[in-house]
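Okay, here's what each chain looks like letter by letter:
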Amino acid sequence: MKRTTLAILLAALALCAASAPAAAQRLIASLSNHRVMVTSSFTGAELVLFGAIEAASPRRGGYDIVATITGPRQNAVTYRKDRILGIWINADSREFDSVPSYLAVLTNRDFDAIATADTRRRQQIGIDNIPLTQRAAVTIADAAATDPFRQAFLRINTRRGLYREATNGVTFLAPLLFRANIPLPAGVATGNYEVDVRLFADGALVARTPSAFEVYKAGIEQFVTAAARNHGLLFGLVTAMMTLATGWLGSVIFRRD
Amino acid sequence: MQIYLPIADLPVNIIVILAIGLAVGFISGMFGVGGGFLTTPLLIFIGVPPAVAAATVTCHIAGTTFSAAFAYWRRRALDPALAILLICGGLVGAACGVWMFNRLRAIGQLEIAIGLSYVILLGVVGTMMVIESARAISRARLGHPTELRRPGSHAWFHGLPLKFRFKRSKIYGSIIPVLVIGFVVEFISTFIGIGGGFLVVPALIYIMRVPTSVVIGTSLILTLVTMVFAIVLHAATNHQVDAVLALILIVGGVIGAQFGARTGQRTRGEHLRLLLGLTVVAVGIRFAISLVLQPDDLYTVRPLEGGR
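Residues numbered from 1 in each chain as written. Chains lettered and ligands numbered in written order. Predicted model: local features only at pLDDT ≥ 70, side-chain atom pairs only at ≥ 80, totals over all residues. Heavy atoms only, no water.

A few words now on the sheet that holds strand β14 (residues 204-217) of chain A. Residues and elements named next belong to chain A. Here six strands make up an open sheet; going across it, the order is β2-β14-β13-β4-β7-β10 and the pairing mixed. Each of the sheet's edge strands pairs with one partner strand only, and the pair in question is β2 (35-38) and β10 (163-166). Neighbour-to-neighbour, the strand axes of this sheet turn through a mean angle of 15°, independent of strand direction. As judged from the four bridges shared by β2 and β14, these two strands associate in the parallel manner. Residue arginine 35 lies in a different strand from β14, and its bridge partner there is glutamate 214. (Pairing = 2+ DSSP bridges. Helix = DSSP H or I, 4+ residues; strand = E, 2+ residues; numbered from the N terminus. Axes fitted to C-alpha atoms, helices over the stretch in contact; angles between N-to-C directions.)

Okay, here's the thing in structure tokens:
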């Protein structure tokens with residue numbers, strides 16, 4: 001089922017690409033799924049991004065694709081432990097303000113082959129060029145790429161699969177047809193994810209197209225999360241009743257007197 | 001079989017959680033303790049955030065103590081007056097414990113505070129249990145009778161004002177130490193996610209000289225009431241109670257407790273206390289190691305709520 005939809009999508013994109021006017025290049029992209037459901041059996045998901053370039057004929061130099069996927073923004077704290085009196089204690093911290101909870105930058109080849117360092121900085125290509133505002137005491141600033149807290153933040157999120165940079169993440173199936181896999185780990189936040197697909201030729205941006213998908217909780221998961229967040233007191237009372245009922249049930253089932 | 005925990009935001013193996021519930025239930029049934037001091041660390045070790053673990057374990061303790069408390073209530077093996085006073089102190093203690101929990105969480109020191117409390121508390125209590133039971137075992141081996149309660153031996157705090165006669169316990173003394181015991185024990189328990197049974201029982205026996213026949217029932221009622229209170233407080237203030245995780249733990253716990261109780265009745269008291277003491281010390285040592293050893297990564301990242 002999923003495979004056939006993908007095939008149809010692919011064929012449609014190929015057709016579009018073939019019948020495009022000869023003028024400037026255009027970019028068409030679509031996702032395999034626009035709604036990702038988190039249910040009780042959720043252990044992660046994988047989306048597929050398909051795209052086609054509309055051009056008169058394939059360029060000799062080829063095209064480059066940079067796909068940036070940004071998850072819902074949130075605040076996060078990064079702590080650093082220090083040894084105090086022989087034990088490891090969180091001694092220092094930085095607060096990161098409205099940083100993406102998920103960030104993936106997928107390209108078809110190395111960043112320096114796609115554009116110059118200057119263009120990459122201006123176009124925010126690669127995680128190193130994406131601002132992550134952090135707050136220490138009162139000053140708010142985007143820390144330098146060498147900042148240890150920023151590096152730790154990136155390292156930990158990369159380990160969790162939430163931040164991802166892959167220079168082999170985009171594959172060209174034909175000179176004007178590409179696909180990319182977007183893996184979502186189990187710990188992804190719910191909300192809207194923005195997908196920004198950009199087309200580069202000779203180190204310059206020639207076209208871009210946005211897309212988006214949504215991650216949402218459904219069924220019992222949604223119910224429990226919403227109840228716990230919005231009606232804490234009631235949720236607590238119901239949970240307490242549930243635990244007592246289970247305990248009582250146990251004593252009835254196993255009663256021996 | 002994986003299940004996604006809605007509050008912990010993490011997929012876990014349902015069999016593993018059920019096994020933890022069963023194992024801890026078995027131990028709690030065998031020794032007559034809540035078992036929170038084992039569940040919280042085990043949940044932390046499998047990756048559940050410490051805040052969720054400590055808050056959710058209150059449900060597990062309430063669920064498993066309920067059936068036991070019910071049985072003691074039917075046999076009237078508890079002192080209602082003593083229980084009510086302990087609960088009065090305990091509720092205030094629990095509220096302060098949840099407040100402390102939220103404060104430390106806000107400044108990022110909750111994890112370390114839970115770890116340190118575990119090391120100190122389990123180390124001290126466990127060592128005391130081991131020494132006491134080892135002595136009892138050697139006494140029994142030498143043929144001496146076990147030491148009984150010495151009537152008439154009073155410490156200074158029994159002479160404090162507000163004296164009250166606890167009929168069922170056959171003691172006469174000030175209510176102040178009772179309130180203090182309730183407060184201190186429940187402050188610690190709600191804060192670090194334990195039931196507190198293993199603190200109340202020795203406190204009542206050694207400090208208040210309450211007879212053993214009513215001690216366990218009374219401590220169970222105290223634990224039950226304050227844990228239900230703590231569930232509601234945790235859920236209302238920090239939203240860290242995971243109902244799905246709690247339900248799986250309780251189901252395992254209730255079943256495990258039944259088998260544990262049967263095994264416990266066949267084992268001798270001193271040996272049981274020695275085993276419990278050793279278990280407590282082992283958990284304490286495990287925490288101490290994790291505090292002293294350099295962590296793999298000195299940095300940790302925690303998302304803040306409401307930032308989306």
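Before going further, it helps to examine the pattern of salt bridges. Residues and elements named next belong to chain A. Inspection of the entire model under this criterion finds nine salt bridges over all chains. Put simply, aspartate 118 and arginine 122 hold a salt bridge, and the shortest N to O gap is 3.5 Å. Of this pair, aspartate 118 and arginine 122 both sit in helix α3 (residues 117-123), four residues apart, roughly one helical turn. The class for aspartate 118 is partly exposed, based on a relative accessible area of 43%. Salt bridges sharing common partners tie together Asp118, Arg121 and Arg122. (Salt bridge = Lys/Arg side-chain N within 4 Å of Asp/Glu carboxyl O. Buried < 20%, exposed > 50% of the residue type's maximum accessible area, 1.4 Å probe, protein only.)

Residues of chain B with pLDDT of at least 70 account for 91%, and the chain-wide mean is 80. Highest mean pLDDT in chain B belongs to helix α4 (residues 80-106) of chain B (87); lowest belongs to strand β3 (residues 163-166) of chain B (74). (pLDDT = per-residue confidence, 0-100.)

All names here are of chain A. For leucine 85, which is not a glycine, the phi torsion comes out positive at approximately 55°. With respect to the helices and strands, the residue leucine 85 is situated in the loop between β5 (73-84) and β6 (87-100). On the accessibility criterion, leucine 85 (86% relative accessible area) is exposed. In the Ramachandran plot, serine 98 falls in the positive-phi region, its phi being about 35° despite a non-glycine side chain. Considering the arrangement of structural elements, one finds serine 98 in strand β6.

Residues and elements named next belong to chain A. Locating asparagine 108 in the fold gives a position in the loop between β7 (103-107) and α2 (111-114). Overall, asparagine 108 belongs to the buried group, its relative accessible area being 19%. A distance of 3.2 Å separates a polar atom in the side chain of asparagine 108 from a polar atom in the side chain of aspartate 64. From its side chain, asparagine 108 meets the backbone nitrogen of isoleucine 65 in a polar contact 3.1 Å long. (Polar contact = N/O pair within 3.5 Å; in protein donor to acceptor, adjacent residues only side chain to side chain.)

This next bit is on α4 of chain B. Residues and elements named next belong to chain B. Here α4 contains 27 residues, and its C-alpha end-to-end distance of 38 Å stays within 8% of the 39 Å for a straight helix at 1.5 Å per residue. Capping the start of α4 is the job of one residue whose side-chain oxygen sits 3.2 Å from the backbone nitrogen of alanine 81: aspartate 79. Directly after α4, the chain includes glycine 108, whose backbone phi takes a positive value near 80°. (Expected span 1.5 Å × (residues − 1).)

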